[in-house]
Amino acid sequence: MASQPHTLQHHFEDLEQQFESSSLGMWAFLVTEILFFGGLFTGYLVYRTKFPEAFHLGSSLLDVQLGAINTAVLICSSLTMALAVYWAQKGDKNKIVLFLSLTIVLGAAFLGVKAVEYSHKIHHHLLPGDGFTFEGPFADQVRIFLSFYFTMTGMHAFHMVIGIGLMIYLIVRARQGWYSSEYNTPVEMIGLYWHFVDIVWIYLFPLLYLIGRH
Amino acid sequence: MARHIVPTRVYYFIFIALLILTGTTVWVAFIDLGVMNNVVALGIATLKAMLVVLYFMHVRYSSKLTWVYLAAGFLFLVILLSFTMSDFLTRHLLAVPQGWSLLQ
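Conventions adopted
- Residues numbered from 1 in each chain as written.
- Chains lettered and ligands numbered in written order.
- Predicted model: local features only at pLDDT ≥ 70, side-chain atom pairs only at ≥ 80, totals over all residues.
- Helix = DSSP H or I, 4+ residues; strand = E, 2+ residues; numbered from the N terminus.
- Rg over C-alpha atoms; globule rule 2.2 N^0.38 Å.
- Buried ≥ 20, exposed ≤ 12 C-beta atoms within 10 Å, placed from the backbone.
- Contact = placed C-beta atoms within 7 Å.
- Nonpolar A, V, L, I, M, F, W, Y, C, P; charged D, E, K, R; others polar.
- Axes fitted to C-alpha atoms, helices over the stretch in contact; angles between N-to-C directions.
- Parallel < 35°, antiparallel > 145°, perpendicular 65-115°, else oblique.
- Left-handed = near helix turned anticlockwise from the far one by under 90°.

Caption draft 1: Region of the structure containing the overall build of chain B. A count of helical and extended segments in chain B gives three helices and zero strands. Tracing chain B from N to C terminus, the helices and strands come up as α-α-α. Against the 2.2 N^0.38 benchmark of 13 Å for 104 residues, chain B shows a C-alpha radius of gyration of 21 Å, more extended than a compact globule. Summarising its shape, the C-alpha atoms of chain B cover approximately 70 × 40 × 15 Å along the three principal directions. Burial analysis of chain B (104 residues in total) assigns 19% to the buried set.

Caption draft 2: Looking closely at the interface of chain A and chain B. Residue-level contacts link 37 residues of chain A with 37 residues of chain B. Elements with a minimum of two residues in the side of chain A that touches chain B: helix H1 (15-50), helix H3 (64-90) and helix H6 (185-209) of chain A. A per-element tally of the side of chain A that touches chain B places H1 of chain A first, with 15 residues. Residue classes in the side of chain A that touches chain B are distributed as 23 nonpolar, nine polar and five charged.

Caption draft 3: Geometry of the packing of H1 of chain A against H6 of chain A. Residue and element names in this part refer to chain A. With their axes 10 Å apart at the nearest point, H1 and H6 run at an angle of 15° to one another. Classified by the interaxial angle, the pair formed by H1 and H6 is roughly parallel. In the packing of H1 onto H6, the handedness of the crossing is right-handed. Residue-level inspection shows Phe19, Ser22, Met26, Leu30, Glu33, Phe37 and Tyr44 of H1 in contact with H6, the latter providing Thr185, Met189, Leu192, Phe196, Val200 and Leu207.

Structure follows, in structure tokens:
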């Protein structure tokens, strides 16, 4: 077994201060993430204000059912992640591995549904680019909506892929017995990241799938 | 350590609330409320985000400094959105000087 990191680093007073410090570092990162996605949301808002009809039309090309299912899947994965953190705080190695594995499965299910949606759009020539064709009004503006759709959901999916990679790392470490009720900071921090990614989707779902449905 | 451990029933309760809110937002989207559709959709999304932040991300039980970080992030997001839109929505109020062209 490699040397375990749960001992107190010499530059901290105690484990609690060490945890607080990690937690603030993670939140500082998440704030930059809020502003990263904030830039995309701002661009979306500007163009939606400029081309409201085209955005409604573009939104109606998306599959509400798949979007809603994916929202539920992601909420389930947030629950299993919260439970993984709970069992990390209790120091139960097997339950950490169980709930992280469930979170990975749910995350993979989300990405699977996303892949189905993407391939469906590409098949219907709705991927912005050379092959783009849209038989309807506002074709150029609908293409802008779809550019936002692919960019925003693509960046979101990319964050999920990274999250899944981080969870695989956590599972390996948990099996080696790195995490206990005294030291479980990495599980908590990656939990924060995963919940953040969930929040991004909570906004993406109504803004992309649900506009102009009535 | 003195850190607060949230009981699992809180997580289950928040989980159920998030699913109900998701169902509600889909349901409301198919009813014509005019501009209120946007308000309701974003209101529900914000309520969901707050539940996730406060309970799943433990912010409710976190230090005041964590709250400051989160508030700073939110403040700058509001600045980003509001300053951009205050520019974008008021451009037509000013006459374009002669010899300039407007991008359509």
